[in-house]
Every structure is written in structure tokens, then in C-alpha cells.
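Here's the letter readout for the chains.
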Amino acid sequence: MTIPETFDTNAEQDLESRVAEIKREIKAEYRQSHSKPWIIGFSGGKDSTLVLHLVIESLLEIPWSERKRAVYIVANDTLVESPIVQGFVDETLEKLTTALADLQLPCAVKKTVPRVSHTYWVNVIGRGYPSPTRMFRWCTDRLKIRPTTDFIRQKVSESGEVILLLGVRRSESAARAATAKRYDNGERLNSHNDIPGCLVFRPILELATEDVWEYLMTRQPPWAGTHNALVKLYRDAMGGECPIVIDPDAQPSCGSSSIRFGCWTCTVVDKDKSFRNQVDKGFEHLIPMAEFRDWMKSFCYIPENRMQERRNGQQGIGPLTFESRKIVLDRLLELQEAVGLPLISDEEVREIHKIWEDDKSTGVMRRADRLITMLEER
Ligand code: SF4
């Protein structure tokens, strides 16, 4: 995918009228006579940025007295995001928080993170999970789906029902098109397949990628500034994103072979081109992180670094040995020191030591421990 440099004037007028129609839909939905809160899934990528841009513009066109419905802008941080992307997302969230208060909109920004027992490092270094692959992609659910889902469920329990706004577009990818089709009931709102009480609203479903870029590159966001930093981020990474994922069936777009934004640790793709490309464009001090990711990809799959028993007790190639887990932790702490960025928290290190103690106390895990772990890891 390339980002266009110029736009056709006729096409621009056509886009203007299609966007006006989208904003009419947004306003009509917002003005419904119930108070189900809105939740906007915001990844910092182009599609969710456009949804947010259009929602805020639409709300500003509604009289102040009618802006009653709560809107939550939810951004998930896997805690292993590319620091370049996360820095950009954090900056956007900060700008938003300030602007939303000034604009007197009933919107709140919320950042979700995985539970400490589910983080990337607690699973790899604590439990000895090998770094994820296409066949064993244990990460997306724990790092991306559950934190956002937990927040949505909490709001459902408080309000009865919620409306989730997503930047899903039919033309974005085969996986997203399949998801889009599954939600097509001909109505503006569709029930979420896995979260009872959650209705899905996809305002930009029919827009093409060129439309999204055109709108973002020719308009200023209502929270001030420009979208230039977003465009640069994509240009540097040369492509798509590991999107906000709240639907297990949409997972293939996370960690797929397309160039995308994602975790800096991601080993699901052979070469993380997006992180490498970003690092090469003025972030050379992060090269050790890209090298560490490459090292992990081979280290975790050397047979001698793995136990001969699986965590469920079956014979076969199992988790990383304790020695290997310790090597990964030591090297990660060295890396953290070298790059001067927080890569693992003290809370995670404490959780890792707790899991090691539990695992070691019996030599092999007791049957009861296995059961608990299996239940907890579901
Ligand atoms: S980017 Fe890679 S490591 Fe991160 S959740 Fe997606 S597949 Fe997993």
C-alpha cells in the first residue's frame, strides 16, 4: 500500500459528500433517545483516527445541551508496543485529553493494558512460553483482545448495553472484509458475536484506503495540530498496522505477513519490517531491540533450551528451561539498560519470580498447579 501524494478535485468533492453522509449517521445514532455509552476502539492507526476525527467533528455540530451520551476512547497498550508507535499514540492521547476538556465534550480517554499475569514477558520468561509463531500465536488474545474486552464488559455491566465504534473497512483486508460481512444485518448497529450487550457501529465501512488518506491529509484534526505525524509514521513503516483487535476471528490481521505496526517483540512474522524500517529512519538507538527480537526468534526454538515435558504434563517439547528463561531475563534487563527505555516492569519481574518459585517447588508442576494454570490461561 502506498500513501498518495496528490488528490483529484472531483474525487475530493465526492468524498466530501460521502463523509457528510457518514457524519449524518453518526449524529443520528448519537441523538437516539437512550443513554448507552459509546466506546471508540482507538489504535492510533489511520482508520481508528479517522473514526475519532469524524465522531468529534460530529459531536461539535450537535448543540451543547444534547451532548449527553458518554463516549470512551479506548486505546490498548500491549506493554511491548514499538516505542516509536507508542510514543506517537501517547502524545495523541495527551493532546486529546486536553482538547476534549476545552471542547466541553462528554468524552474520556482510557488506556487498557494486559493483566500482569498475562503480559508478554510473564508468559515468556515466567511460564517459559516460546516467542509466538503463526502456529502458536498465544499473544493476541492475552495482550490485545482481553484487556479491551474486559473494559467493554465492565461498561456493559454498568449500563446494560454499549455501542462500540470501530474503524473497520470492507476494503482493508480479506480478514477484515470477512468480519465486516459477518456483522452485516442491514442495520446501523450489529450485535457483537462474543460480547453480549455490545452493539457494533462501523461508520467508515465503505470507505476505501485512498479516501481515508485523502481525508486525513487534507483536514486538521478537531483536537488541534495536523495528521502529519501519523502520515510520517506510516511512510516510515511502509504500511498497515496491527489493529485494535476485539474479535478473535479478526486475528489474522494481527501479526500477519503484511507490513504492519505491532509489538516490537513480534516473532510471528519472519522479519519485522515495520519496526526495522522505523528504526532505520532516525531511531538507530533502538537497533539493539530489533536484534534482541531476532535473537529470541531463534533462541526459543533451539531444542536444548526447551523442557521435555509440556505445561499440561504431556511428553513433548515443552516450555523454555529455567536456565533459558533466566538468560532471556538477564539479556532483557541488559537491553533495557542499554536503550534507556522501560521494557519490563518491577511488577512483572516479581510475578516471574513467583511463577519460578511455584514451578520449582515441585520439580515438575503438581497436578493441581497444572489445572490452575490451565484455567487461568484460558
Ligand atoms: S503484533 Fe505480534 S506479538 Fe503482538 S499481539 Fe500481534 S501477533 Fe502477537
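Residues numbered from 1 in each chain as written. Predicted model: local features only at pLDDT ≥ 70, side-chain atom pairs only at ≥ 80, totals over all residues. Heavy atoms only, no water.

**Notes on the overall build of the chain**
Within the chain, the secondary structure is distributed over 13 helices and six strands. In the chain, which comprises 378 residues, the proportion classed as buried is 53%. Sequence separation of 24 or more characterises 73% of the internal contacts of the chain that already satisfy a separation of 6 or more. A total accessible area of about 17200 Å² is found for the chain, and carbon and sulfur atoms account for 53% of it. (Helix = DSSP H or I, 4+ residues; strand = E, 2+ residues; numbered from the N terminus. Buried < 20%, exposed > 50% of the residue type's maximum accessible area, 1.4 Å probe, protein only. Contact = heavy atoms within 4.5 Å. Areas by Shrake-Rupley, 256 points an atom, 1.4 Å probe, with all protein chains shown as cover.)

**Considering the pattern of salt bridges**
When charged atoms on two side chains of opposite charge get close, those side chains can pair. Throughout the structure, instances matching the rule amount to 23 salt bridges. For the salt bridge of Lys-36 with Glu-161, the shortest nitrogen-to-oxygen distance reads 2.8 Å. With Lys-36 in the loop between helix H1 (9-30) and strand S1 (38-41) and Glu-161 in the loop between helix H5 (139-159) and strand S4 (162-165), this pair connects stretches of sequence that are 125 residues apart. Note on Lys-36: relative accessible area 21%, which makes it partly exposed. (Salt bridge = Lys/Arg side-chain N within 4 Å of Asp/Glu carboxyl O.)

**With respect to the nonpolar core**
Of all hydrophobic cores here, the largest spans 82 residues; its most connected members are Trp-38, Trp-121, Ile-125, Trp-264, Phe-292, Met-296 and Leu-332. Counting residues in each nonpolar core, the second largest holds 13 residues, with Val-74, Val-162, Ile-195 and Leu-205 among its members. (Core = buried A, V, L, I, M, F, W, Y, C linked by side-chain atoms within 4.5 Å.)

**Digging into helix H10 (residues 287-299)**
Taking 1.5 Å per residue, 13 residues should reach 18 Å; H10 reaches 18 Å between its end C-alpha atoms and fits that length. Listed in full, the buried residues belonging to H10 are Met-289, Ala-290, Phe-292, Arg-293, Trp-295, Met-296 and Phe-299. (Expected span 1.5 Å × (residues − 1).)

**What about the sheet that holds strand S5 (residues 189-191)?**
Backbone hydrogen bonds are what pair the strands of a sheet, in a parallel or an antiparallel way. If you walk across this open sheet you meet the six strands as S3-S2-S1-S4-S6-S5, and the pairing is mixed. Sheet topology places strand S3 (107-112) and S5 at the edges, where each strand pairs with a single neighbour. Within this sheet the neighbouring strands show an average axis-to-axis angle of 30°, counted without direction. Of the pairings in the sheet, the one linking S5 to strand S6 (residues 198-201) comprises three bridges and is antiparallel in character. Looking at S6, one finds that Asn-190 is bridged to Val-200. Lying on the sheet, helix H2 (residues 46-60) is in contact with S1, strand S2 (71-76), S3 and S4; it crosses S1 at an angle near 145°. Strands S1, S2, S3, S4 and S6 of the sheet are contacted by H5, whose axis makes an angle of about 160° with S2. (Pairing = 2+ DSSP bridges. Axes fitted to C-alpha atoms, helices over the stretch in contact; angles between N-to-C directions.)

**Remarks on helix H3 (residues 83-103)**
Along its 21 residues, H3 runs 29 Å from first to last C-alpha, staying within 8% of the 30 Å computed at 1.5 Å per residue. Turning to H3, its buried residues are Ile-84, Val-85, Gln-86, Phe-88, Val-89, Thr-92, Leu-93, Leu-96, Ala-99 and Leu-100. One or two positions beyond H3, positive phi appears at Gln-104, with a value near 60°.

**Topic: the pairing of S1**
Of the two faces of S1, the one carrying Trp-38 and Ile-40 and the one carrying Ile-39 and Gly-41 are both buried. Bridge analysis of S1 against S2 gives four bridges, and the strand direction is parallel. Bridge pairing links Ile-40 to Ile-73 in S2. For the segment spanning S1, H2 and S2, crossover handedness is right-handed. In this structure, S1 lies alongside S4, joined through three bridges in parallel fashion. Bridge pairing links Ile-40 to Leu-165 in S4. (Right-handed = clockwise from strand over helix to strand, strands pointing away.)

**Looking at the packing of H10 against helix H11 (residues 322-339)**
Packing of H10 against H11 leaves a shortest axis separation of 11 Å and a crossing angle of 170°. By the criterion of interaxial angle, the relationship of H10 to H11 is roughly antiparallel. Where H10 abuts H11, its residues Pro-288, Met-289, Phe-292, Trp-295, Met-296 and Phe-299 lie against Ser-324, Ile-327, Val-328, Arg-331, Leu-332, Leu-335 and Val-339. The residue makeup of the contact of H10 with H11, split by class, is 11 nonpolar, one polar and one charged. (Parallel < 35°, antiparallel > 145°, perpendicular 65-115°, else oblique. Nonpolar A, V, L, I, M, F, W, Y, C, P; charged D, E, K, R; others polar.)

**As for the pairing of S4**
By the alternation rule, side chains of S4 split into Val-162 and Leu-164 and Ile-163 and Leu-165, which are all buried. Bridging between S4 and S6 involves four bridges; their strand directions are parallel. The residue of S6 that forms the bridge with Val-162 is Cys-198.

**A short note on the packing of aromatic side chains**
Applying the stated criterion across every chain yields a total of 13 aromatic pairs. Note on Tyr-129 and Phe-136: the rings are 5.9 Å apart at their centroids and 40° apart in plane angle, and the pair reads as tilted. Classification of Tyr-129 by relative accessible area gives buried; the value is 9%. Taken together, the aromatic side chains of Tyr-120, Trp-121, Tyr-129, Phe-136, Trp-138, Trp-264, Phe-292, Trp-295 and Phe-299 make up a single cluster linked through ring pairs. Over the ring of Tyr-30 we find Arg-69; its NZ or CZ atom is 5.5 Å from the centre of that ring. (Phe/Tyr/Trp six-rings, centres within 6.5 Å; stacked < 30°, edge-to-face > 60°. Lys NZ or Arg CZ within 6 Å of the ring centre and 35° of its normal.)

**Notes on the side chain of Asn-123**
Its location among the elements puts Asn-123 in helix H4 (residues 120-126). When residues no more than four places from it in sequence are discounted, the contact partners of Asn-123 are Ser-117, His-118, Gly-128, Tyr-129, Trp-138 and Arg-142.

By themselves, these figures tell us nothing about what the structure is for.
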